[in-house]
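Structural features, examined
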Amino acid sequence: MNNPIQVCWECPSNLALVKYWGKKDGQFPRNPSLSFSLKEARTRTRVTLLPREDCRLIFRFEGRPSPFEGRVGRYLDTLTGEMPWMEAYTFRVESSNTFPHSAGIASSASAFGALALCLADLDRQLTGEGDSPLLRKASQLARKGSGSACRSVYPGFAWWGESSVIPGSSDDYAVALGNQFSARFDTLCDAVLLIDSSEKKTSSSAGHQRMAAHPYQDARVRQANAHAEKLVQRMKAGRYDDFFEVVEQEAFSLHALMMSSSPSFLLLKPNSLRVIEKIKDFRDQTRLPVGLTMDAGPNIHLLYFKENREEIRGFIETELLSLLENGTWLDDGIGDGPVKVE
Ligand code: DP6
């Protein structure tokens, strides 16, 4: 018997500076978003194609059956129309993360990013070149699993959502922003400060849905477009201080949208606010270029540049540790994107 067809990719998670919040049918975004791929927080996924059996998917996460299997199975089903070769196989999908579960890092982005890279690679092996570059195809496939995942398949900064600001941008897939920004942004670091790892009562998907009837929906789309454009200008011009101003307005707007949706929800915890205050005070006192962002959860991402690493580490150790769950934080930063393992 021939060896089974097998591919393995590793893909990072990403952190949005301008947030995707609200979607249209088909998992298209209401507004453009801008993110960077992380270095350390990664998912490794191996896909093995087996002769078709009754069962469509065998999914293992860190060697064990996982509740994520249902979502992965539905995802594969939705892609079969577009890639008919999928019909002929049973998929064995084995996945693992380099970061702990509930560490405040979006695991669906790296998970769907890695799986989509495997599927795009298999599609190319089984059907030939196609007319779209591999990473773009992977981005488009990843989007269908989890919107933010489409930005994870590139190194450095990525943009998702059609806009005149970025030529070639699309709602269908993300594009890499390359090295058009001032060099210091290539040294952006992210200290992921763990505030609370318990399961959220309201998921991101539910939050996206609430934007459909949100009273601030139109204003949010205008705001996100304006923020994305400003960030690109400021990053090109190397304007570090007011870069963080926009990044923080995005994070606070995201949480304000949650609080003002119907039904409303609140994901911040008392220690989220305490840590935010501490970061602002530290910035006022030291005048260092630091800032923060948040995803749809209580954890805080403290952003800074590599040259200030020692001061930031000292600040975390002395001022923040007691406010973090089990004193936990992850040392991450901008990364080089996915790699093909085999
Ligand atoms: C707040 O990509 O997790 O992290 O498309 O429903 O899977 P689905 O949502 P998801 O939403 C991420 C929202 C966010 C902002 C962002 O990453 O842009």
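For the structure itself, consult the block above.
These lines cover the structure that appears in this document, whether it is placed above or below. In this text the structure is predicted, and so the values were computed from the model without any measurement.

Some thoughts on the overall build of the chain
- Within the chain, the regular secondary structure consists of eight helices and 13 strands.
- For 342 residues, the compact-globule estimate of 2.2 N^0.38 gives 20 Å, and the C-alpha radius of gyration of the chain, at 20 Å, lies within 12% of that figure.
- For the chain, the spread of C-alpha atoms along the principal axes amounts to about 70 × 45 × 45 Å.
- Evaluated residue by residue, the chain yields a buried proportion of 54% over its 342 residues.
- Carbon and sulfur atoms make up 48% of the accessible area of the chain, which amounts to about 15000 Å² in all.
- Charge centroids of the chain, computed over 41 positive and 43 negative side chains, lie 3 Å from each other.

Concerning the site of the ligand
- The environment of the ligand is made up of 18 residues, and the closest members are Y20, K23, S146, G147 and S148.
- The contact in question runs from an oxygen atom of the ligand to an N or O atom on the side chain of S148, over 2.7 Å.
- Across the complex, the protein chains shield 94% of the 460 Å² of accessible surface that the ligand would expose by itself.
- If one sorts the elements of the shell around the ligand by residue count, helix α4 (residues 204–210) sits on top with three residues.
- Considered class by class, the residues forming the shell around the ligand number five nonpolar, eight polar and five charged.

Points about helix α6 (residues 240–259)
- In this model, α6 (20 residues) spans 29 Å end to end at C-alpha, consistent with the 28 Å of a helix rising 1.5 Å per residue.
- Most of α6 sits inside the fold, with 14 of its 20 residues counted as buried.

Focus: the packing of aromatic side chains
- Applying the stated criterion across every chain yields a total of 15 aromatic pairs.
- Here the aromatic rings of F157 and F181 are separated by 5.5 Å at their centres, their planes lie at 90 degrees, and the arrangement is edge-to-face. With F157 in strand β7 (residues 157–160) and F181 in the loop between β8 (174–176) and β9 (188–193), the pair connects residues that are 24 residues apart, well separated along the chain.
- The buried category is assigned to F181, whose relative accessible area is 7%.
- The positively charged end of R184 is found above the aromatic ring belonging to F305, 5.0 Å away from the centroid.

A short note on helix α7 (residues 270–286)
- In a regular helix each residue adds 1.5 Å, so 17 residues correspond to 24 Å; α7 covers 25 Å between its end C-alpha atoms and thus fits that length.
- Taken residue by residue, α7 has S272, V275, I276, I279 and F282 as its buried positions. When α7 is viewed along its axis, its buried side chains cluster within an angular range of 125 degrees and face the same direction. Relative to its buried face, α7 has exposed residues pointing more than 90 degrees away, namely P270, D284 and Q285.
- Contacts from the buried residues of α7 go to β9, α6, β10 (291–293), β11 (300–305) and α8 (309–320).
- Just downstream of α7 lies R287, where phi reads positive at about 60 degrees.

Observations regarding the sheet that holds β10
- Ordered in space as β10-β11-β9-β12, the four strands form an open sheet in which the pairing is antiparallel. In this open sheet, the two strands that pair with only one neighbour each are β10 and β12 (329–333). Along the sheet, successive strands turn relative to each other by an average axial angle of 25 degrees, direction set aside.
- By the bridge criterion, three bridges tie β10 to β11 in an arrangement that is antiparallel. Directly across from L292, in β11, lies its bridge partner L302.
- Sheet strands in contact with α8 are β9, β11 and β12, and its direction is about 150 degrees off that of β11.

Thresholds, definitions, all that
Per chain, residues are indexed from 1 in the order of the written sequence. Per-residue local features are limited, in this predicted model, to residues with pLDDT of at least 70; the limit for side-chain atom pairs, both in listing and counting, is 80 or more; totals at the level of whole chains, interfaces and linings are taken over all residues. As a convention, hydrogens and water are excluded, and side-chain values are obtained from all of the structure's heavy atoms. Counting from the N terminus, the helices are DSSP H or I runs at least four residues long and the strands are E runs at least two residues long. Radius of gyration: over C-alpha atoms. The globule rule applied is 2.2 Å multiplied by the number of residues raised to the 0.38 power. The classification of residues rests on relative accessible area computed with a 1.4 Å probe and restricted to protein chains. Under 20% of the type maximum is buried, over 50% is exposed, and intermediate values are partly exposed. For every accessible area listed, the method is Shrake-Rupley and the probe measures 1.4 Å; residues are considered covered only by the protein chains on display. Positive charge is attributed to Lys and Arg, negative charge to Asp and Glu, and no charge count is given to His or to the chain ends. Each charge is placed at NZ for Lys, CZ for Arg, CG for Asp and CD for Glu. Neighbouring residues are identified by heavy atoms, a residue being near a molecule or strand if any of them is within 4 Å of it. Polar contact is the term for a pair of N or O atoms within 3.5 Å; when the atoms are in protein, one must be able to donate a hydrogen and the other to accept it, and sequence-neighboring residues count only if both atoms are side-chain atoms. Classification used: nonpolar for Ala, Val, Leu, Ile, Met, Phe, Trp, Tyr, Cys and Pro, charged for Asp, Glu, Lys and Arg, polar for all others including Gly. Under the convention used throughout, the expected extent of a helix is 1.5 Å for every residue step, that is, one less than its residue count. For Phe, Tyr and Trp, rings pair up if their centres lie within 6.5 Å, where Trp contributes its six-membered ring, and each pair is then called stacked (planes under 30 degrees apart), edge-to-face (over 60) or tilted (otherwise). By definition, being over a ring means that NZ of Lys or CZ of Arg is both within 6 Å of the ring centre and within 35 degrees of the ring normal. Summarising the geometry, the arc corresponds to the directions from the helix axis toward the C-beta atoms. Here a residue-residue contact requires only that any non-hydrogen atoms of the pair lie within 4.5 Å. One requirement defines pairing of two strands: DSSP has to find at least two bridges between them. Think of each axis as a best-fit line through the C-alpha atoms, taken over the contacting stretch in the case of a helix, with angles from 0 to 180 degrees between the N-to-C directions.

None of this, on its own, says anything about what the molecule does.
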